[in-house]
Amino acid sequence: MSVVTHLGHLVGSAFADIGLDPSFGAVVPSQRPELAQFQCNGALAAAKSAGRPPHDIATDVIGRLSAEPTIGKVDIAGPGFINLTVTDDTLAAALEAMHSDDRLGIPVVDDPLTVVVDYAGPNVAKAMHVGHLRATIIGDSLARIMDVLGHRVIRDPHFGDWGFQMGLLIAELEDRHPDWPYFEDGAAGSYPEESPVTLDDLQEIYPHAAEKARQDESFATRAREATVQLQAGHPGHTALWRHMKGVSEQSQRADFSELGVEFDVWYGESDVHDRIGPMVDRLLESGVAEESEGALIVRVASEDDNREVPPLILTASSGGYLYSTTDLATIESRVRDLDADLVLYVVDNRQTDHFVQVFRAARLGGIAPESLRLEHIGFGTMNGGDGKPFRTRAGGVVRLSDLIDMVRTAAKERLDDAELAADYPEHEREAISAMVGLAALKFGDLINNRSSDYILDLDRFTSFEGKTGPYLQYAAVRMGSILRRAAAEGLVPGAIEPPGPDAERGLMLELAMLPEVVLRAAELRAPNHIADHAFTLAGRFNRFYDVCHILSETDETRRASWLGLVETCAASLRLLLSMLGIEVPERM
Ligand code: ARG
């Protein structure tokens, strides 16, 4: 049990003893570390319902705690904060429990959930660009955090391969290449094996077609018709669609692999197509869906809305299915096929309204049972130095693979400047630069509260100093090399002893917070708690290492304990970084 949980139980039962709810006993790290290690604010919270001054309550509570052997000091600060400090023996025992536990004291949740993490959201005909980066980084991190806690995690990119954009592409290709075999009506012809279009072609065609549809109503109509035909299984359109999907997916998978991001399933919007017809029928029968101007809609506005929430469009008047329709049917499939308990939609804040509509329609239509939790995990934008969404100098969209190259190059320069990995073989230097570059990018993102915007500052992000990914990677490498050096001298880590110097105590206290940090990051869907803790931990470690000269220490028990502490710290930091999707090189 972690120190915080242990104290929470003690203080909670003291509250219970005086007839108050034990949840008032919750303990957190002290906001004034010079006064105490931990604090409980429950007396203030309880005062109103108990009808007693907080100071009185606190006095009663600490009266019941003072004889407790694990507590070194307990007193009241201000109007009724309960300040707590544990004995050094208690701290050592807690650290040794972490040290000897593969899970570093992190609990496995009592009731593991099946969590679908829907993130990245690549689309057909579009190479991934910086706009997909945050969704990918944040989604990947949340999936990793949930996984560490023992949830059953299913990562799904929800590939955008079914809506109107497909009709736009097909109609435009037909305009350009009327002689291609894909456009004939009727029975399946024979279609080429190879895709007639590359992703680069599609990237040029798509924006052109989208603009054309805005200008030219007859083209827009043809695009809508093509969408309907594709969705109805037109053989030629289907064959062409497969090609377009294939070339897009191939490039996206390559980008994901560069980012070190994996998925458990690769489902697209199109995969739920067969569910849509029956779902729409049911929604109509139950009166949840209705006809309006030739379209089928679900009214999702509610009386207490303080802004207008437009109806969800289930079927366009052309008969085509839309983004919302596939999202709704995807919920059904996640419930029935995947047995999901929780779905996290890691999608930028601009789609908030879309998810409000989809989630409400899913409840109204009985598609999402009460027990299913649906959450939109929104986030802000990654901006350039001008405070506007990050673009190329020429104002274009930056391809993800180009951004990865940029950050890799920047990382390599930094390694050179810092004279790191200087005499390693070239392939190892390359691999290290790649890891450092990704660490810079991921940490630079995840250290922020996800709903805030931030500025992509490659200079700052790739620095080995400050709150950066490379700094933490370096710290983790250094811990590893201390342990290797010790092992080479025949020194073995041992059980963790009570701390001597304050720097050692400080490190132990920070380490002891790991379980709560992970739980909190999961609960708030907030990887920045992991990133922050990793940074504080590295700082505490440096102070400890300055003060405690491990390798030259002559007291054997002490030295072994210090090595045990380094081991625990190294494992914790690696785990934290892995939850951010950051790899640590063997050496650098
Ligand atoms: N493909 C979508 C887009 O580019 C993102 C998909 C997000 N996930 C979802 N279930 N809607 O905007």
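Here, the structure is the one placed above.
One structure accompanies this document, and this report is about it. If you're wondering where the values come from, they're calculated on a predicted model, not measured in any experiment.

As for the pairing of strand 8 (residues 295–298)
So, step 1. Both faces of strand 8 are covered, namely the face carrying Ala295 and Ile297 and the face carrying Leu296 and Val298.
So, step 2. Pairing of strand 7 (residues 289–292) with strand 8, which is carried by 4 bridges, proceeds in the antiparallel orientation. Bridge pairing links glutamate 290 to isoleucine 297 in strand 8.
So, step 3. Hairpin remark: strand 7 followed by strand 8, antiparallel, with 2 residues in the connecting loop; positive phi at glutamate 293, about 50°.

Here's the deal with the site of the ligand
So, step 1. By nearness alone, every residue bordering the ligand is listed as Asp118, Gly121, Asn123, His158, Tyr323, Asp327, Tyr345, Val347, Gln351 and Phe355.
So, step 2. In this structure, aspartate 327 approaches the ligand through a side-chain N or O atom, which is 2.8 Å from a nitrogen atom.
So, step 3. The separation between an oxygen atom of the ligand and a polar side-chain atom of glutamine 351 is 2.7 Å.
So, step 4. Protein coverage of the free-state accessible area of the ligand, which is 350 Å², stands at 85%.

Some words on the nonpolar core
So, step 1. Counting 164 residues, the largest nonpolar core has Phe15, Phe38 and Met244 as its most contacted members.
So, step 2. Among all residues touching methionine 244, those that are not within four sequence positions of it are Val124, Met166, Leu169, Ile170, Leu173, Val197 and Leu202.

Some thoughts on the environment of alanine 94
So, step 1. Note on placement: alanine 94 falls in helix 4 (residues 88–99).
So, step 2. Separated by 198 residues in the primary sequence, alanine 94 and serine 292 have C-alpha atoms spaced 64 Å apart.

Considerations on the packing of aromatic side chains
So, step 1. One pass over the structure, following the stated rule, counts 19 aromatic pairs.
So, step 2. Arranged with centres 5.5 Å apart and planes meeting at 10°, the rings of tyrosine 182 and tyrosine 191 form a pair that is stacked.
So, step 3. Measuring from ring centre to ring centre gives 5.9 Å for phenylalanine 263 and tryptophan 266, while their planes differ by 90°; the resulting arrangement is edge-to-face. In terms of burial, phenylalanine 263 and tryptophan 266 fall into one category: buried.
So, step 4. Linked through ring pairs, Tyr119, Phe159, Phe256, Phe263 and Trp266 together constitute an aromatic cluster.
So, step 5. Sitting over the ring of phenylalanine 219, lysine 212 keeps its end group 4.5 Å from the ring centre.

Criteria and thresholds
Residues numbered from 1 in each chain as written. Predicted model: local features only at pLDDT ≥ 70, side-chain atom pairs only at ≥ 80, totals over all residues. Heavy atoms only, no water. Buried < 20%, exposed > 50% of the residue type's maximum accessible area, 1.4 Å probe, protein only. Helix = DSSP H or I, 4+ residues; strand = E, 2+ residues; numbered from the N terminus. Pairing = 2+ DSSP bridges. Near = heavy atom within 4 Å. Polar contact = N/O pair within 3.5 Å; in protein donor to acceptor, adjacent residues only side chain to side chain. Areas by Shrake-Rupley, 256 points an atom, 1.4 Å probe, with all protein chains shown as cover. Core = buried A, V, L, I, M, F, W, Y, C linked by side-chain atoms within 4.5 Å. Contact = heavy atoms within 4.5 Å. Phe/Tyr/Trp six-rings, centres within 6.5 Å; stacked < 30°, edge-to-face > 60°. Lys NZ or Arg CZ within 6 Å of the ring centre and 35° of its normal.

All quantities given are derived from atomic positions and should not be read as evidence of function.
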